[in-house]
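Below are the chains, spelled out letter by letter.
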Amino acid sequence: MPLYSTCTNQFHPVARTAGTKLGRNVGYTIQRVTFGGHRSPTGTSFEESVRRGQEFVRDAIASKTPCFTWQGEQKEYYVINGYDDSGFYISGPGTSDTSVPWSRLGDSESGWVEAFSLTSCEPTSDRQTVKDALEFAIAISQNPNEWVLPDCKTGLEAYDVWTESLETKKAFWFGNSFNAVAWAECRRRAVGFLTEAKARLKDVPPETFDEAIGHYVIVSENMNKVAEAFPFGCADPNPKHIEDGARVAGAVSALRDAQKAERDGLKALERIVEFL
């Protein structure tokens, strides 16, 4: 459950760790393929990279294998639900029911096409899954060098960076709204994860989970306020939101309340791990 901005043209090291090690715990593995890029030693054209990415997507869907991709124009990872002659269909922030042209598979600025598929594997025990997930969440909150990109912060420090960037008008409207919707979802998922873990691990005192759930409910509610203040709409974004003093003040207040609750939430997560 880290907190910082998106990084283009690479499967982020945090997502890579979560998607490989933690993904196997719950029964899936990720296959990643990349094509082209302006720095590609093979000099593959973007058109050729799109064609190869298209083949990968078609083969995955034909075999009923879930797949997703980096959609460079919208700068986000999206689940691919299907395709037709005109393009492919995606789900995620700012999407619609219309297909996306195949020419937009990837990032035309860098010439990079990146796609992923998920296959099933044998999961580990519920106890190990929860323990590994919470240990990872605690570790990533402490700004480890192997996972955190330069000039980025995670965990409680990220809240300070975020509020400072809003108050000093340094925040970029796109990254601000992107982070808001992404991490509001992460915190909602945290509540759901902890609630399910409580139900599955009957030998763990329920109050151990209840404390953490209570804190992350507060974090989630406040992150939702930030996301509502700066709506993320890829089709028609509104950069003026970042200049609205009332929105900024409300978001800063919500971020500070979320930070306070998350500080207590991380301590509660540590207590769960100690018990496990």
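Our structure's up above, just so we're on the same page.
One structure accompanies this document, and this report is about it. Just so you know, these numbers come straight off a predicted model, no measurement behind them.

Analysis parameters
- Residues numbered from 1 in each chain as written.
- Predicted model: local features only at pLDDT ≥ 70, side-chain atom pairs only at ≥ 80, totals over all residues.
- Heavy atoms only, no water.
- Phe/Tyr/Trp six-rings, centres within 6.5 Å; stacked < 30°, edge-to-face > 60°.
- Helix = DSSP H or I, 4+ residues; strand = E, 2+ residues; numbered from the N terminus.
- Buried < 20%, exposed > 50% of the residue type's maximum accessible area, 1.4 Å probe, protein only.
- Salt bridge = Lys/Arg side-chain N within 4 Å of Asp/Glu carboxyl O.

### Some thoughts on the packing of aromatic side chains
Argument step 1. Enumeration according to the criterion identifies six aromatic pairs in this entry.
Argument step 2. Linked through ring pairs, Phe 172, Trp 173, Phe 174 and Phe 178 together constitute an aromatic cluster.

### Thoughts on unusual backbone geometry
Argument step 1. Positive phi, normally seen in glycine, also occurs at Lys 64, with a value near 60°.
Argument step 2. Mapped onto the elements of the fold, Lys 64 is located in the loop between α2 (46-62) and β2 (67-71).
Argument step 3. Relative accessible area serves as the criterion here: at 78%, Lys 64 is assigned to the exposed category.

### A few points about the pattern of salt bridges
Argument step 1. Under the definition given, this model contains 13 salt bridges.
Argument step 2. The salt bridge partner of Arg 200 is Asp 126, with a shortest N-O separation of 3.1 Å. Taken together, the positions of Arg 200 in helix α5 (residues 173-200) and Asp 126 in helix α3 (residues 126-140) put the pair 74 residues apart, joining distant regions of the chain.
Argument step 3. The class of Arg 200 is partly exposed, set by a relative accessible area of 47%.
Argument step 4. The partly exposed category is assigned to Asp 126, whose relative accessible area is 33%.
Argument step 5. Ionic pairing is found between Arg 271 and Glu 211, a salt bridge with its closest N-O pair at 2.5 Å. With a gap of 60 residues between them, Arg 271 in helix α7 (residues 245-275) and Glu 211 in helix α6 (residues 206-229) connect regions that are remote in the sequence.
Argument step 6. The network of salt bridges with shared partners includes Asp 126, Glu 196 and Arg 200.

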